[in-house]
Each structure stands twice: as structure tokens, then as C-alpha cells.
Amino acid sequence: MPEALSSSPRPRVLSGMRPTGKLHLGNYMGALANWVKLQNDGQYECYFFIADWHALTTDYADTSQVAPNTMEVMLDYLAAGLDPERSVLFLQSWVPQHSELFLALSMITSLSWLERVPSYKEQQENLVGRDLTTYGFLGYPLLQAADILIYQPQFVPVGQDQAAHVELTREVARRFNHFYKLDGAEVLPEPKVLLTPSPKLPGTDGRKMSKSYGNTILLADPEPVVRQKLKTMVTDPARIRRNDPGDPDKCPVGDLHKVFSSADTLAKVYEGCRTAGIGCIECKGWAADALVQILEPIQARRASFSEAQARDILEEGSDRACARAEETMQQVRAAMRMTAAGERGN
Ligand code: TRP
Ligand code: SF4
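Calculation criteria
- Residues numbered from 1 in each chain as written.
- Chains lettered and ligands numbered in written order.
- Predicted model: local features only at pLDDT ≥ 70, side-chain atom pairs only at ≥ 80, totals over all residues.
- Heavy atoms only, no water.
- Buried < 20%, exposed > 50% of the residue type's maximum accessible area, 1.4 Å probe, protein only.
- Helix = DSSP H or I, 4+ residues; strand = E, 2+ residues; numbered from the N terminus.
- Right-handed = clockwise from strand over helix to strand, strands pointing away.
- pLDDT = per-residue confidence, 0-100.
- Contact = heavy atoms within 4.5 Å.
- Polar contact = N/O pair within 3.5 Å; in protein donor to acceptor, adjacent residues only side chain to side chain.
- Near = heavy atom within 4 Å.
- Nonpolar A, V, L, I, M, F, W, Y, C, P; charged D, E, K, R; others polar.
- Areas by Shrake-Rupley, 256 points an atom, 1.4 Å probe, with all protein chains shown as cover.
- Salt bridge = Lys/Arg side-chain N within 4 Å of Asp/Glu carboxyl O.
- Expected span 1.5 Å × (residues − 1).
- Core = buried A, V, L, I, M, F, W, Y, C linked by side-chain atoms within 4.5 Å.
- Patch = residues over 30% accessible without salt bridge, like charges linked within 9 Å, V, L, I, M, F, W, Y side chains within 5 Å.
- Lys, Arg positive; Asp, Glu negative; His and termini not counted.
- Charge placed at Lys NZ, Arg CZ, Asp CG, Glu CD.

Extensive coverage of strand β1 (residues 12–17) is indicated by the burial of five of its six residues. Assessed by its sense of winding, the connection that carries the chain from β1 through helix α1 (residues 25–41) to strand β2 (residues 45–50) is right-handed.

And the structure:
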């Protein structure tokens, strides 16, 4: 390992999200909460960013929402507890080194590697009505590889759905290191995936909570909205009438209880549901109570930041990220013998 090339003794972690708009509980439980934990552990040097260029790989025809969505995601990052004193929080497009490394890596990445990334075909099938036969869309995972490798991190905390992208990142790093070395040393360490343990989190329709299904509970949803969404949530289909017993293990509301409710409440849910001792309305009320309690500090923190403050934090973080990314790029350019520009002294 080229340990000498990294400047900090703490292992680095890097992760990011696309700016899809206000984040929901699925984003929180599947990623953000874990990032906050890693940050607060203090063992890692943390880099978290908003992948705005990635939004264009699918939304290139209408880019009007990218900037407002970026602000929403930044406010949600801060609301969840990401802290600019302890993490570098930045915006991908404000760190142009990402795109330079993306270009450099594109030289050594074969098309077949990109074509066989599972999300490539899946997304093309899912996002109907959009032409995704673009170079940028095929290159999505390579841009992600550049996002990662530019910080020479040891770990990438992501969910299972992103594991294939980290695997590609490792392959690309290996190929780079095979072709190019700097004074005999490898420049791009292969990062490891740090799988986020993510509990099953259903949306209001019982499917996995996801923006594309329109079944989310947002981190910014006020209490009445949370309660209303819970009211319309699907339940165990066996409980048609109030007197029919049900099974929380077959009910999406039961799944929410398992994630968010206290052991006492959970016991009441199991007992009451299986004996028809409680109604679903009451049970959903308890689930809403638990959600409101989780969301309360998040929303209080969100309210404590103005958009202007969030923007300043993002700018400062992006400056720090640029400085770190430029260190890597200097090594990359030197290893690739693309130093002519560097020698001009700019
Ligand atoms: N592809 C990731 C997602 O959809 C977002 C992302 C882009 C990312 N670049 C990254 C995640 C680098 C981790 C590291 O969630
Ligand atoms: Fe689901 Fe609760 Fe109704 Fe049981 S009582 S079916 S767990 S909502």
C-alpha cells in the first residue's frame, strides 16, 4: 500500500448521493445515518458530497432541478447531523478534478466493463421515456470511480445497491496501477466497500421506500403529513375487518415498528395485532409517534441553517476537497507523464 502518499494517519471514507430532492427516511436509514455515525466515531477522515454531475446522466434534458435539489440535499445532510467541523462536505461540480480524473480513467476502461455493470441495463429498462443510450449514462459508474479514487480513500460506505460500482472502481484502480506508477509506487489504492447495514424500510405502499415509487416519508415532512401518510399506509392484507387477527411480520407498518419503535411498543403491536386486540388505526398512530420522534431533532437542526449558510459550508468544503483532490491529480498526472501542463506552473 502506498501509505506514504496519503497525508493523514486516519483512514479516509468517501461517499455521496445524487441530488434527487428532499431526502427521505430510506436515504437516512440506508446511508446518511451511517455516515453521521462514522463521522462521530472520529476514527475516520470523512468526505461526503453531492453528486450533481451524476444527476445529469439521467436528467440531462431538463437540468432545472439540479441546483435547487442540491440545496435541499445539503440542508438534509446538515439536518441529519453531518458537521462541517468534522467532515468535508462538498459539491462534485465545484471540484473539477473529478472530471479530469474521469477523463484520464476513461482511457483505460473498456466498454465491456461498463456495459456489464448491472445498473446499466436495469436503469435503462426502468426509466422508460428517456433516451439513456448516451455516453454519459454508460460512463456513470466510471465517474463514480473517479469521485472515489480522487480522494484515495480506504473505505466507501454505501448500500448493497452500490457494491458493483465500488467493485468496478477497484478494477479501474488496479488497471491504472498496472499501467502507471510514481517512482515505483502505486498511486490509486483500491478502496473497500463498507456495507451499510440497512433494515428493510417499506414505503407507504409496502414496496421499498423510494422516490421513484412516490411512497416516501421525507425527513422534512411535518408531523401532520407524517400522520396522514401513515393513515394511508397498506397493512397486512389478512386484516380486512377490525376483528380479523393479523401478523406484524406480514405488514409494512409492522416493519416500521421493528425499525423505529421501542421494545415495549413492539410487544404491544405483536400481541394486539395477532389477537385483534388493537385496530390498525391505533397501531399506525404508534408508528407515527416513533417517526415523529426520530424526525424531531432532524427538523430542528434543519431549521437552524439558512440556505445562505448551507451554501457557504458547501463552498468551504469544496475548497478543501479541491486541495485534496489536486494532490491526487498531481500524482496521477505525473504517473501518466501528462505533466506538460503542470510544468507551466499554473
Ligand atoms: N451512485 C451513487 C448513488 O446513486 C451516488 C454516487 C456518486 C456515489 N458518486 C459516488 C456514492 C461515489 C459513493 C461514492 O447513490
Ligand atoms: Fe399492521 Fe399494525 Fe394493523 Fe397489525 S395492527 S396489520 S401490524 S397496522
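Put simply, the protein has an average pLDDT of 94, and 96% of its residues get 70 or more. Here residues 1–6 scores under 50 on pLDDT; set against residues more than four positions off or in separate chains, the count is ten contacts.

A separate point is the side chain of Ser87. Its location among the elements puts Ser87 in strand β3 (residues 87–91). Classification of Ser87 by relative accessible area gives buried; the value is 1%. In this structure the side chain of Ser87 is engaged in a polar contact, spanning 2.8 Å, whose partner is the side chain of Gln39. Among residues more than four places away in sequence, those in contact with Ser87 are Gln39, Cys46, Phe48 and Arg320.

Moving on: the site of ligand 2. As a structural note, the neighbourhood of ligand 2 is formed by Thr235, Asp236, Arg239, Pro248, Cys251, Val253, Cys273, Cys280 and Cys283. In terms of residue class, the shell around ligand 2 is built from six nonpolar, one polar and two charged.

For the rest of this paragraph, the subject is the site of ligand 1. If you check the shell around ligand 1, you find 13 residues, and the closest are Gly16, Tyr140, Gln144, Asp147 and Gln162. Within the contact set of ligand 1, a nitrogen atom lies 2.7 Å away from a side-chain nitrogen or oxygen of Tyr140. Within the side chain of Gln144, one N or O atom sits 2.9 Å away from a nitrogen atom of ligand 1. For ligand 1, the protein covers 91% of the area, taking 360 Å² as the surface of the free molecule. For the shell around ligand 1, the secondary-structure elements that each account for two or more residues are β1 and α8 (140–149). With four residues, the single largest contributor to the shell around ligand 1 is α8. Here the residues of the shell around ligand 1 are counted per class, giving six nonpolar, five polar and two charged.

So, on to the pattern of salt bridges. Following the criterion strictly, the structure yields 24 salt bridges and no others. With a shortest N-O distance of 4.0 Å, Arg170 and Glu167 are connected by a salt bridge. Taken together, the residues span about one helical turn, with Arg170 and Glu167 both in helix α9 (residues 163–179) at a distance of three residues. On the basis of relative accessible area, Glu167 is assigned to the partly exposed category, the value being 40%. Two residues, Lys200 and Asp255, come together in a salt bridge whose shortest N-O distance is 3.4 Å.

Okay, helix α12 (residues 263–274) next. In this model α12 runs 17 Å from its N-terminal to its C-terminal C-alpha over twelve residues, within 8% of the 16 Å that 1.5 Å per residue would give. Of the residues making up α12, those classed as buried are Thr265, Val269, Tyr270, Gly272 and Cys273. Buried residues in α12 make contact with α11 (252–260) and α13 (280–303). Directly after α12, the chain includes Ala276, whose backbone phi takes a positive value near 60°.

What follows covers unusual backbone geometry. One non-glycine residue, Gln152, adopts positive backbone phi at about 45°. Here Gln152 is to be found in the loop between α8 and β4 (155–158). Accessibility expressed as a relative area gives 3% for Gln152, which makes it buried. At Ala276, a position not held by glycine, the phi torsion is positive, near 60°. Within the secondary structure, Ala276 sits in the loop between α12 and α13. Of the residues examined, Ala276 reaches a relative accessible area of 13% and is grouped as buried.

Let's shift gears to the nonpolar core. One finds Leu25, Leu32, Met74, Tyr77 and Leu230 to be the most contacted residues of the largest nonpolar core, which totals 51 residues. Looking at this core element by element, the count peaks at nine residues for α13. Setting aside residues no more than four positions away along its own chain, Tyr77 makes contact with Gly16, Met17, Leu23, Leu32, Trp35, Phe49, Ile50 and Leu82. Core analysis: the second largest hydrophobic core is formed by 42 residues, Ala51, Val88, Phe90 and Tyr151 among them.

To continue, consider a negative patch on the surface. Together, Glu85, Asp312, Glu316 and Asp319 give the surface a local cluster of negative charge. By secondary structure assignment, the location of Asp312 is in helix α14 (residues 307–335). With relative accessibility at 43%, the residue Asp312 sits in the partly exposed group.

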